[in-house]
Every structure is written in structure tokens, then in C-alpha cells.
Amino acid sequence: MNVIEPKYKYKEIEKVFKKLISGNAELTEHFMKEVDLSDYNQEDNIPYVDIGSISRFVVEKKLDNQTSDFDLLFENIEDVYINGDKDVRNFIVVGLFEGIQNIGGEKIEYHHSFNEWLKTETQKAWNEIIDYWEGTDWRIPTA
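What counts, and where the lines are drawn
- Residues numbered from 1 in each chain as written.
- Predicted model: local features only at pLDDT ≥ 70, side-chain atom pairs only at ≥ 80, totals over all residues.
- Heavy atoms only, no water.
- Phe/Tyr/Trp six-rings, centres within 6.5 Å; stacked < 30°, edge-to-face > 60°.
- Lys NZ or Arg CZ within 6 Å of the ring centre and 35° of its normal.
- Helix = DSSP H or I, 4+ residues; strand = E, 2+ residues; numbered from the N terminus.
- Polar contact = N/O pair within 3.5 Å; in protein donor to acceptor, adjacent residues only side chain to side chain.
- Contact = heavy atoms within 4.5 Å.
- Salt bridge = Lys/Arg side-chain N within 4 Å of Asp/Glu carboxyl O.
- Buried < 20%, exposed > 50% of the residue type's maximum accessible area, 1.4 Å probe, protein only.
- Patch = residues over 30% accessible without salt bridge, like charges linked within 9 Å, V, L, I, M, F, W, Y side chains within 5 Å.
- Areas by Shrake-Rupley, 256 points an atom, 1.4 Å probe, with all protein chains shown as cover.
- Lys, Arg positive; Asp, Glu negative; His and termini not counted.
- Charge placed at Lys NZ, Arg CZ, Asp CG, Glu CD.
- Axes fitted to C-alpha atoms, helices over the stretch in contact; angles between N-to-C directions.
- Parallel < 35°, antiparallel > 145°, perpendicular 65-115°, else oblique.

For the protein, an unreviewed UniProt entry supplies the name DUF7674 domain-containing protein and the organism Persicobacter psychrovividus.

*Asks:* Any chance you could explain the packing of aromatic side chains here in plain terms?
*Replies:* Given two aromatic rings, one states the distance between the centres and the angle between the planes to describe the pair. Following the criterion strictly, the structure yields 15 aromatic pairs and no others. Grouped by ring-pair contacts, the aromatic residues Y10, F17, F31, Y40, Y48 and F91 constitute a single cluster. The ring of F114 carries K62 above its face, with NZ or CZ at 5.8 Å from the centroid.

*Asks:* Can you help me understand the side chain of K61 in this one?
*Replies:* Topologically, K61 is positioned in helix α4 (residues 52-63). Of note is the side chain of K61, whose polar atom sits 2.7 Å from the side chain of Q66. Those residues within four positions of K61 in sequence are excluded, and the remaining contacts are E26, Q66, T67 and F70.

*Asks:* Where do I start with the pattern of salt bridges in this structure?
*Replies:* Within this structure, the stated rule accounts for eight salt bridges. K9 serves as the salt-bridge partner of E5, at 3.2 Å between the closest nitrogen and oxygen. For R56, the salt bridge is made with E34, and the minimal N-O distance between the two is 2.5 Å. On the criterion of sequence distance, the pair formed by R56 in helix α4 and E34 in helix α2 (residues 25-34) is long-range, its members being 22 residues apart. A relative accessible area of 32% places R56 in the partly exposed class. Residue E34 is classed as partly exposed on the basis of its relative accessible area, which comes to 42%. The network of salt bridges with common partners includes K7, K19 and D79.

*Asks:* Sorry if this is basic, but what is going on with a negative patch on the surface here?
*Replies:* On the surface, D36, D39, E43 and D44 cluster together into a negatively charged patch. Looking at where D44 falls in the secondary structure, it is placed in the loop between α2 and α3 (47-50). Classification of D44 by relative accessible area gives exposed; the value is 63%.

*Asks:* When you look at a nonpolar patch on the surface in this model, what are you seeing that I'm missing?
*Replies:* There is a patch of nonpolar side chains on the surface, built from I46, Y48, V49 and V94 and spanning about 340 Å² of accessible area. Looking at the element boundaries, I46 is found in the loop between α2 and α3.

*Asks:* Where do I start with the packing of helix α5 (residues 70-82) against helix α6 (residues 86-104) in this structure?
*Replies:* Helix packing for two helices is described by the angle between their axes and how far apart those axes are. Direction vectors running N to C along α5 and α6 enclose 140 degrees, while the axes themselves pass 8 Å from each other. With respect to α6, the axis of α5 lies oblique. The residues of α6 that touch α5, namely those facing I77, V80 and Y81, are V88, R89, I92, V93, L96 and F97.

What follows is the structure, encoded as C-alpha cells:
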């Protein structure tokens with residue numbers, strides 16, 4: 001039986017970061033001001049803190065209604081999520097998605113306002129993390 005090796009591994013987290021910011025010059029500039037990937041290692045750096053830079057960027061852009069680059073960003077997120085190992089998938093959910101939801105808080109309606117950009121697998125993960133913290137009543141349409 002052939003085991004397919006994940007494309008993105010948590011032990012190679014800099015590759016995950018590079019994919020997440022790829023194709024978006026503004027996000028790349030924002031991220032690189034805060035995180036130096038040239039000498040990144042998990043002994044000296046804390047990936048779960050560093051991904052907060054991307055979460056903050058997403059929330060700021062959403063609040064400013066500057067979402068033109070969200071299609072590519074969320075395609076990159078989907079690619080990393082689908083092709084990542086278990087720890088990378090957890091990193092996307094707990095680090096990035098919870099970061100966006102927590103930073104956005106009441107300022108953005110995170111339950112549904114990212115649906116147009118989330119792809120199939122990341123939409124499921126996005127919804128499941130909300131369900132975990134809030135239950136499923138948010139899924140019931142209100143009059």
C-alpha cells in the first residue's frame with residue numbers, strides 16, 4: 001500500500017506560511033514585517049502566534065471591505081488544509097480560523113460573512129469550530 005506523503009507538514013511550517021501569503025503582495029509585505037521566514041525554526045519562533053499576523057490582516061481587510069484578494073488567499077488556505085498533515089490542518093483551524101473569528105469578534109459577522117471565499121473542506125472546518133464553541137443554533141435562520 002502506497003502512503004501519500006502530505007505536501008505540507010507542520011515540521012516544515014515555513015512552507016505553509018509561504019503558501020498562505022503567496023500571490024498577495026500586500027499580505028506578503030504585511031506578514032514579512034512581523035515574521036522573518038529566512039531563518040524560521042520552531043525552537044525560536046512560535047507559529048501559532050505568527051499566524052495571528054495573517055488573521056489580523058484578514059479581519060482588517062474585511063472591515064475595510066477590501067476583499068479583492070480573498071479568492072486567492074482562501075484557495076491557498078484550502079490547498080494547505082487539504083494537502084496538510086493532521087497538525088497543519090489543526091494549525092489552520094485553531095491558529096488561522098479561530099484567530100479570524102476571535103479578532104473579528106462582534107465587529108464582523110463571522111458565522112456567514114466568509115462563506116463566499118471558503119472552499120468545501122475549509123467551510124466544513126470553519127463551521128465545525130463555531131459549532132464547537134457556540135453549538136449549532138447559529139445555523140438556524142432567524143426571522
